[in-house]
Every structure is written in structure tokens, then in C-alpha cells.
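# An overview of the molecular structure
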Amino acid sequence: MNISFEESWLHKVNPALKLFTLTFLFVFAVTIHHLNYMITFTLTVSILFFFCTGQPYKHLLLFLLPFLLVFFSTAVSMILFGKGETTLFKWGLVNVTEESLYRGLHLGFRALVFAMMGITFVLTTKPVQLFYSLMQQLKLHPKYAYSFMAAIRLIPIMFEELQTIRDARKVRGIQSQKGLSGVLKSIKSLPIPLLSQSIRRAFRIAVAMEAKRFNSSNARTFYYHIGFSIYDLLFIVYFVLTISLAYFFALEFPLFPVTDVRH
Amino acid sequence: MSNRLKLTDILVTIVISIGFGILYKIWGPLYYAVKPFGINIDQLIYGMWFMAATVAFLIIRKPGVALLAEVAASSGEFLMGSEFGLEVLLYGIIQGLFAELLLMAFKYKRYDLLAVSMAGISSCIGSLILDFYKGYIGDLSTWNLVLYMTFRFIGTILFTGVLANSIVKALEATGVTNLVRTTSQKDFDSLDQ
């Protein structure tokens, strides 16, 4: 995928710190049971998503499409089948209550905020820098970090191979058989060659790395040095400020007359 | 026979798992597309997300592989821009840990359908615990919750147990697993169970 974008200040935030902060916010979001606060909290993350990833708006809107599906589908199953006392609508097994409606909306916003945090991180972090940062700041063992980086490099090769296998099947005129066993056979015919080739390739890479005296001790030198900067402070201050503001607005100007969505 | 993970084991596990990460990423939209139908059909395909752990364990058969595989697969899914966002990392760690604990209970000596199915069920329990806190599934109507859990368990056994086992059996036939396994007579014996 070749997507052109501008580097924003979020790109300059230390990747390990960014991951750590977002993980903390993730846990924090799970402890929010207040619908109005959940909505304002979603706003704080969506500001970063819309204005600070450096992506063109056309791309951002495309990314947003599956998120809206996630929002809708997460909300709907709780709205239709959740517990509650004040029934709004009943039809067979479907029982929409006021409580389940609010709880469903809450879950929808929660799913949306998780998705936005994730995509904001992914759009503003290069995998190589992430793993270098994890090695340098969090002392991740180089064996694991380099394995991850090698594996990520193999993804395009895997896709190429998938296409080759498909083409080869087409050229040989293999048609999928009918019936359940035929379906199972065709499900298995793709992953087996893909997996076996991947294992062979990974094995060869590991042998090559060891032959070149890959040093997996922590006292190694790094080509990239990932440090901290003023942007890290900005990142943390942004969240501290906006989340406090979000809390204030949720209490002062509540959108929905509900405090705790739990049963 | 050393049981510690060497560079080869780690690299092979992670490469397999990143492959699964791509599959997990494709699985997300599929899951959300079948979800709004209600009656929890989506839970039948949930078991796919536990599969990296058991497939990698069946291939490499060492302690720690299941956990590493599940963490790597979820990182792969996350870095591909998953709809679930950071959630996948947490779920991956918990599911991998639960699978690992069950395999540890078998002392890493069983590589059969039963062991991997049990490991899958263990992951499944881990995911349900997280859903309880994150998805308020305890607040679903009782019939809906029972259906939800039953479907997820059935799907888990199908994907994580049966499918994973048959894929690795087919891989063994290609001979590629010999590259990464330290073979012993005991291993051959356990295959015949």
C-alpha cells in the first residue's frame, strides 16, 4: 500500500511511550460506565484521528467506514437483546429497553474509541521505529524484536505467493469440488503451501542470522536511536487536558439522562 | 533436548503468527458483518482468533510458543489497522496466556486433538472473562448469553481444535515440521494416540 501523507507531530512522539499511553487510556476507557463521559472521551480521541494523523481526508473517511459498521453492529446486539426494565419496544425475542438502548450506545462508542486509538497509532508509527523503541526504552529482547521486523518484511512475499498459488491452480484447471468435503479441501489447499513456505523461509532467515553472528545480548548497538522529545510531553499534556475537559462537559452538559449504564 | 526458545523457534513462530494476523484482520469485517443478525451466529466463527496459538504449538511443540504466537498474531492484526484497535493486543495476551496455561498443565507432552481443543477452550474462557468486563455480556438476556457462549465454544473446538490439528497433520506430510522440531521416539509415539 502506497499512501502519501504528511508527517505530523504525532509521528515524532516516542513509539513506546505512545503505545504505553494508549494502552493506559484503553484500560481507562473500560472503567468508564457513564454514557455522557464516554461520548466526550470519544471526542478527545477523534480530534487526534481527524486532525493530527497527517492523512488526507479522503483516506480518513475510508478508514471511518468500517468503524461505523463496528459501532452499529456492537450497539445493535446489546440494544435488541439486553436486560432492562423500561420496555420501549417488544417484538418476539427482541426486547428494546431504555437501559439496553443506553448500554448499547455506550458499547458502540467504546468500540469506536478503541478503533480510533488503534488506527491513530498505526497511521503515525512506523513498525521499524516501534520495535527499535521497544528494544531501547522497554528492553524488549532483540531476538523477538528482529523476528517481528523480519516477519513484517515477509508480508508482501506472502501475498505474492498467495497469488502465485492461485494462478498455478487456475493454469492447471483445478476446479473446486462440490459439497462440504470439497469446501474443506479448498480451505486447506491454500494455507498448507503458504504455511510450509513461510516456515522454510523463516528457518533459512534464522540460520542466516545466526551464521552472521546475530548477537542477541542486550548490549548491542543500534542503527536508529529513538529518544524522547518535547512532543512526548505535548502528547501527554493533550490527553490530561482534554480528558479533564471531557469530564467537565459530561457532568455540566449531559446529553442523555443516564449516569451508569450497567445493570 | 533443550526446551528454551531459540532464534529459529521464535522467528518461525512469529512468521506463522503474522500470517495468522493477516487472516485475523480479514476475519474482523466478516465477524461484524454477521453480527447484527442477532442470535449470535457471529460467535461460531470467533474460534478463528485462538488458532495461531494451537497451530504454532503443534508445529514447534515447545513451552512459550502458544503465548508468543497469540501475542504476535494480535500484534500483526493491530499493525494492519484492525477495527478492534488496541483491544486485540489485550485479548491476544490473555488468550495466549490461557492456552499456554492449559498446555502447561499437560506438561507440554500432549500434541493431540484433545489437548489443543482444551487449550482453545481455555483461551475461549479468557476471552469471555474480558467480554464480561468490556462488553457487559452479563447484561444480555439469559437465553441470549447461553447461546452466545455455546456458539463460541463450538466454534472454538472446530477452529482451534479440529481445523488446527488437520492443518498441522497436512504440514507434517510435507516434511517441513522436521526443520523446527527436535524429534524423539516419544514424539512419534504420541502421534499415534
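Rules used throughout
Residues numbered from 1 in each chain as written. Chains lettered and ligands numbered in written order. Predicted model: local features only at pLDDT ≥ 70, side-chain atom pairs only at ≥ 80, totals over all residues. Heavy atoms only, no water. Core = buried A, V, L, I, M, F, W, Y, C linked by side-chain atoms within 4.5 Å. Buried < 20%, exposed > 50% of the residue type's maximum accessible area, 1.4 Å probe, protein only. Domains from an automatic or database assignment. Contact = heavy atoms within 4.5 Å. Helix = DSSP H or I, 4+ residues; strand = E, 2+ residues; numbered from the N terminus. UniProt positions renumbered as here; feature names shortened; annotations may be inferred. pLDDT = per-residue confidence, 0-100. Salt bridge = Lys/Arg side-chain N within 4 Å of Asp/Glu carboxyl O. Expected span 1.5 Å × (residues − 1). Pairing = 2+ DSSP bridges. Buried area = accessible area lost by both parts, 1.4 Å probe. Polar contact = N/O pair within 3.5 Å; in protein donor to acceptor, adjacent residues only side chain to side chain. Nonpolar A, V, L, I, M, F, W, Y, C, P; charged D, E, K, R; others polar.

## Some details on the nonpolar core
Of all hydrophobic cores here, the largest spans 141 residues; its most connected members are Phe239(A), Met51(B) and Ile59(B). Residue contributions to this core reach at least three from each of two domains, namely domain 1 (9–126 + 228–252) and domain 2 (142–211) of chain A. Non-local contacts of Phe239(A), meaning those with residues more than four positions away in its chain, are made with Thr21(A), Leu22(A), Leu25(A), Val45(A) and Leu48(A).

## Considering helix α5 (residues 127–137) of chain A
When α5(A) is considered as a whole, its buried residues turn out to be Leu130(A), Phe131(A), Tyr132(A), Ser133(A), Leu134(A), Met135(A) and Gln136(A). Of the surrounding secondary structure, the elements contacted by the buried residues of α5(A) are α1 (15–30), α4 (98–124) and α6 (142–171) of chain A together with α3 (65–79) of chain B.

## Notes on the UniProt feature "transmembrane region" (unreviewed entry) in chain B
Residue and element names in this part refer to chain B. The feature "transmembrane region" (unreviewed entry), as given by UniProt, occupies residues 12–32, 44–60, 88–106, 113–133 and 145–164 in the numbering adopted here. The distance separating the terminal C-alpha atoms of residues 12–32 is 31 Å; by composition the span is 100% helix and 0% strand. Split by type, residues 88–106 is 95% helix and 0% strand. Its first and last C-alpha atoms lie 27 Å apart.

## Re the confidence of the model for chain A
The predicted coordinates should not be examined in detail at positions where pLDDT is low. Across chain A, pLDDT averages 86, with 96% of residues at or above 70. Per-element mean pLDDT across chain A ranges from 72 in helix α7 (residues 179–189) of chain A up to 93 in α5(A).

## Examining the pattern of salt bridges
A complete count under the given rule lists ten salt bridges over all chains for this structure. Where Glu161(A) meets Arg201(A), a salt bridge forms, and the shortest distance between an N and an O atom there is 2.7 Å. Residue Glu161(A) is found in helix α6, and its partner Arg201(A) is found in helix α8 (residues 191–211); the two are separated by 40 residues along the sequence. Both residues of the pair, Glu161(A) and Arg201(A), count as buried. Arg152(B) is paired through a salt bridge with Asp131(B); the nearest N and O atoms lie 2.6 Å apart. Of this pair, Arg152(B) sits in helix α6 (residues 142–174) while Asp131(B) sits in helix α5 (residues 113–134), and the two are 21 residues apart along the sequence.

## Some words on the domain arrangement of chain A
What the domain assignment reports for chain A is domain 1 (9–126 + 228–252) and domain 2 (142–211). In this structure, domain 1 of chain A and domain 2 of chain A have C-alpha centres spaced 35 Å apart.

## Observations regarding the side chain of Thr177(B)
Residue and element names in this part refer to chain B. Relative to the assigned elements, Thr177 resides in the loop between α6 and α7 (185–191). For Thr177, a relative accessible area of 1% corresponds to the buried category. With near-sequence residues (within four places) excluded, Thr177 lies in contact with Ile59, Leu171 and Glu172.

## Points about α8(A)
All names here are of chain A. Helix length check: α8 (21 residues) gives 30 Å between terminal C-alpha atoms against 30 Å at 1.5 Å per residue, within 8%. Residues of α8 that are buried include every one of Ile192, Leu194, Leu195, Ser196, Ser198, Ile199, Arg201, Ala202, Ala206 and Met209, and no others. At the C-terminal side of α8, Arg213 shows a positive phi close to 60 degrees.

## Thoughts on the pairing of strand β2 (residues 94–97) of chain A
The two faces of the sheet receive side chains in turn, since in a regular strand these alternate between them. Residues and elements named next belong to chain A. Examined bridge by bridge, strand β1 (residues 87–91) and β2 share four bridges and lie antiparallel to one another. By the bridge assignment, Trp91 is partnered in β2 with Val94. Linkage of β1 to β2, two consecutive antiparallel strands, is achieved through a turn of two residues, within which Gly92 is found at a positive phi near 65 degrees.

## What about the interface of chain B and chain A?
Counting from both sides, the interface comprises 51 residues of chain B and, opposite them, 62 residues of chain A. Together, the buried faces of chain B and chain A total about 5200 Å²; carbon and sulfur atoms form 80% of this surface. Scanning the region where chain B abuts chain A turns up one salt bridge. The partner of Arg103(A) in a salt bridge is Asp139(B), with the nearest N and O atoms 3.2 Å apart. Counting every contact that joins chain B to chain A gives five residue pairs in polar contact (both at pLDDT 80 or more). Residues belonging to the side of chain B that touches chain A are distributed by class as follows: 33 nonpolar, twelve polar and six charged.

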